[in-house]
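Summary of the model geometry
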Amino acid sequence: MERKQLFDSDWKFCLGDTAIAASKEFNDENWRNLDLPHDWSIEGEINPDNPTAGAGGYFPAGIGWYRKTFKVPDEWKNKRVSIYFEGVYMNSEVFINGKSLGVYPYGYSSFKYNLTPYLDFDKDNVIAVRVDNSQQVNCRWYTGSGIYRHVWMLVTEPVHIAHWGVHISTPEVSAKKAKLQVSTLVKNKTNRPQSIVLKTLIRDNNSKNVWDGQLEEELAPNSEKEVNQTIQISNPFLWSPESPDLYQAQIQIIRDNQVVDNTKTSFGIRSIAFSNDDGFQLNGEKLVLNGGCVHHDNGILGAAAFDPAEYRKVELLKAAGFNAVRTAHNPPSEAFLQACDELGLLVIDEAFDGWSAKKTPYDYGLYFDKWWKKDLRAMVLRDRNHPSIIMWSIGNEIIERKDPEAVEIAHMMAQEIKKIDTIRPITSAMTTWDNEWEIFDPLMDAHDVCGYNYQLHRAPADHERVPSRIIVNTESYPANAFNIWKLVSKNDYILGDFVWTAIDYLGESGIGAWYYPGENAGEHWQSDRYPWHGAYCGDIDLTGWRKPISHYRNLLYNDDEKLYMAVKEPNPENGRIKTTGWAVWPTWESWTWPGFEGKDIEVEVYSKYPKVRLYLNNNLIGEQATTVKQQFKATFSVPYSPGRLKAVGVRNGKEIESSVLQTSGNPAKIKLTADRKELVPNRQDLSFVTVEITDQDGIIQPNAENLLRFKVEGPGTIAGVGNANLKDNEQYVGNACTAWKGRALFVIRSTDKVGDIKVTVDSPGLSASVLNIKTKVAKQKNEDRSF
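Structure report, in brief.

Cut-offs applied
Residues numbered from 1 in each chain as written. Predicted model: local features only at pLDDT ≥ 70, side-chain atom pairs only at ≥ 80, totals over all residues. Heavy atoms only, no water. Helix = DSSP H or I, 4+ residues; strand = E, 2+ residues; numbered from the N terminus. Buried < 20%, exposed > 50% of the residue type's maximum accessible area, 1.4 Å probe, protein only. Pairing = 2+ DSSP bridges. Salt bridge = Lys/Arg side-chain N within 4 Å of Asp/Glu carboxyl O. Right-handed = clockwise from strand over helix to strand, strands pointing away. Phe/Tyr/Trp six-rings, centres within 6.5 Å; stacked < 30°, edge-to-face > 60°. Lys NZ or Arg CZ within 6 Å of the ring centre and 35° of its normal.

**Some points on unusual backbone geometry**
With omega at 0 degrees, the peptide bond leading from Leu36 into Pro37 counts as cis. Among the structural elements, Pro37 can be located in the loop between β3 (32–34) and β4 (62–70). Here Trp500 and Thr501 are connected by a cis peptide whose omega angle stands at 0 degrees. You can see Thr501 is positioned in the loop between β28 (494–499) and β29 (505–506). The phi torsion at Asp10 lies on the positive side, around 65 degrees, for a residue other than glycine. Relative to the assigned elements, Asp10 resides in the loop between β1 (4–6) and β2 (11–15). Although it is not a glycine, Tyr58 sits at a positive phi angle of roughly 65 degrees. Note on placement: Tyr58 falls in the loop between β3 and β4. Given a relative accessible area of 1%, Tyr58 falls into the buried group.

This is how it looks when you write it as structure tokens:
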């Protein structure tokens, strides 16, 4: 019997409120069948009349019910059984056989309920969940609606290791040895004293045993006891973004020579240090944080936290050159953090967007005073063993930041975290929209690291005034990349930068927008921005394509990319393009500009070479310096003529590397590229398929807006379709969408069947393209067993 069993399959769902749906006897046979995770908002129509408004991307919300009928196995008799929800948005009420177990307001916390007294071993049992996302607006971005993360059954003996009861820290680390502190909270839910053996085995990333030991413990009746162990590991593999080596601690409770509980906890061995003299140090080496902020949604999938989608998000961040992420502004999914551990991405784990003062009419401010401690503890207890997490953040641009009460709240939250974790520092993101800044000094002093949102230009003066202050730039404008990089690279007391944002997201509609002549231009907070339904301020767009600003940022902070070229979209004849605060000028990997023949177009070249040259159809356009003095950037004004545009990096007069853009012909082909061509038949696995419209020679047609139709045959379904145009309000659930800038994305979801999935994509006037994906059984981890 596995202690943790996936409970995602075979739920019933109904959108709307049905008061008697909590009853065990309620007839739900006409409800929709589905598997979790599920977000009902993404399935709906984007409409300016929806109450989520621009903040929520104009998606629907409302109230929904979920029900699942199940039989209890005989082997669960005399066991402790709980149901564990990783995340439900929001105001969920959970029932077992008609009995209410409680209401949980915060949509980003993980929580569990004890089912043991209410289970019926002779008849069917029914879990019912009412989800209430009807009070709008309750967030500043797209939240999704429903049970959007995994649900698990937790089954243990009365004597067991507590949920989130294992804590592994690494207070002393060197290349030669590491000292681990392993704390295990053991519970005895019986009326008798218990004699147990606590056995611990440590394995490295190669599954090699590197330590084992056991302790004999006595447990009083109906008690809990924390068992602490100090463990020495010789020649440890140190976790880092470059080498994300992980260990596993297997901890067992043995009673009467029988294993009665068995847990496995992943962790990493690494040291972290922060100072105003040496910045952030990982394993004794200074590391500049090149970070980005991300919201929790998965683009065209909405908020549904499928493990492959969460993993892909981290892959995209790593590929774009980021080494850190800030989970703005809430705890992320467990799968996201596990991916950060496995792939090597540092994390600021953030609890809240606001505290008691509200930013929207129905946000967390309604619940903060009663719930902050429970939600904060849930985040830290759940996430504390992740080596990727280097800081805890307790808030973002809180409204009451000028009030003395804010300092008291910050101290209370810091103290609560320090009861659990004394190693990681505490931060929050602070800003001002007026000239008052030094007024925040007492609030800053309540943090170990001070987060600056859009205020890093104040850092040098702040350092003179408060030299002990350690600063991290928790948000920055994308267009300010060079100036931020310069401040970070020159000042050790600044740990790094987290741009707003790393990836485009749904909601907060119109942030990062640009407007053409005749359009209703304005910032996202000034007025309704429909048809914009999302934020285009990310380095990476909604389909996973890296924008030019992503390449520029990577070139500033890293050495793996030294040359990149893109073209600034020219102004139309009837006026100028207007950009907004978080926007960069619309710039594309395109040399296909029909109608602009003979007119000047600006070509941008980003380069770590001393100079660059630009050629058009083998004719030299010019040569420019691209040193730090030029911000590693050259801009050429080129009369447009179709053909081959080539940028070349030059060092000591020699041409070293080139980047080419080729004018595309008319749309002729559909190119399909899957990130994975083999899926596990577990009803959860995903393949993200990028669609590109190309000309006859395979060159992407960057102006193509063809209608694309998707057909799936075999053991797979379409989980989502869409493009990166956040003004295109086609639904993300369907079997068709239009391309934008020659691209689109669709996602295939596996069923529980093995076989071949045949994907066909066609478009009027183009030949269909076919892609084959296989589903095959893979060995699953024990803790992933489905129920």
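**A few points about the sheet that holds strand β18 (residues 272–275)**
On the basis of which strands lie adjacent, the open sheet formed by three strands has the order β18-β19-β20 and antiparallel pairing. In the strand order of this sheet, the two ends are held by β18 and β20 (285–286), each with one partner. Inspection of the sheet shows β18 paired to strand β19 (residues 279–282) by four bridges, in the antiparallel sense. From the neighbouring strand, Ser275 faces β19, where its bridge partner is Gly279.

**A word on the pattern of salt bridges**
A complete count under the given rule lists 50 salt bridges for this structure. A salt bridge links Glu602 to Lys568, with the nearest nitrogen and oxygen atoms 3.2 Å apart. Of this pair, Glu602 sits in strand β35 (residues 600–607) while Lys568 sits in strand β32 (residues 563–568), placing them 34 residues apart in sequence. By relative accessible area, which is 36% here, Glu602 ends up partly exposed. We note a salt bridge from Lys611 to Glu623, for which the minimum N-O separation is 3.6 Å.

**Concerning the pairing of strand β24 (residues 389–396)**
Of all eight residues in β24, eight are buried, a share of seventy percent or more. Relative to β24, strand β23 (residues 346–350) is paired through four bridges, and the arrangement is parallel. Its bridge partner being in β24, Ile348 is matched across the sheet by Met391. The β-α-β motif built from β23, the intervening helix α3 (residues 368–383) and the parallel element β24 has right-handed crossover chirality. Pairing analysis gives three bridges linking β24 to strand β25 (residues 426–430), with the strands arranged parallel. Its bridge partner being in β25, Trp392 is matched across the sheet by Ile426. Regarding topology, helix α4 (residues 404–418) serves as the crossover connection from β24 to the parallel β25, and that connection is right-handed.

**Side note on the packing of aromatic side chains**
Each aromatic ring pair is characterised by the separation of its centres together with the angle its planes make. As enumerated under the stated definition, the model contains 47 aromatic pairs in all. Plain terms: the ring middles of Tyr104 and Phe111 are 4.5 Å apart, the flat faces sit at 10 degrees to each other, and that makes the pair stacked. Here Tyr552 and Tyr606 contribute two aromatic rings whose centre-to-centre distance is 5.0 Å and whose plane-to-plane angle is 55 degrees, an arrangement assigned as tilted. Of this pair, Tyr552 sits in helix α8 (residues 548–557) while Tyr606 sits in strand β35; the two residues are 54 residues apart in sequence, bridging distant segments of the chain. Judged on exposure class, the residue Tyr552 and its partner Tyr606 are both buried. Here a set of aromatic residues connected by ring pairs shows up, and it is made of Tyr89, Tyr106, Tyr108, Phe352, Trp355, Tyr364, Phe368 and Trp372. Between the NZ or CZ atom of Lys68 and the centre of the ring of Phe7, over which it lies, the distance is 3.9 Å. Note that Lys646 overlies the ring of Tyr615, its terminal NZ or CZ placed 5.4 Å from the centroid.

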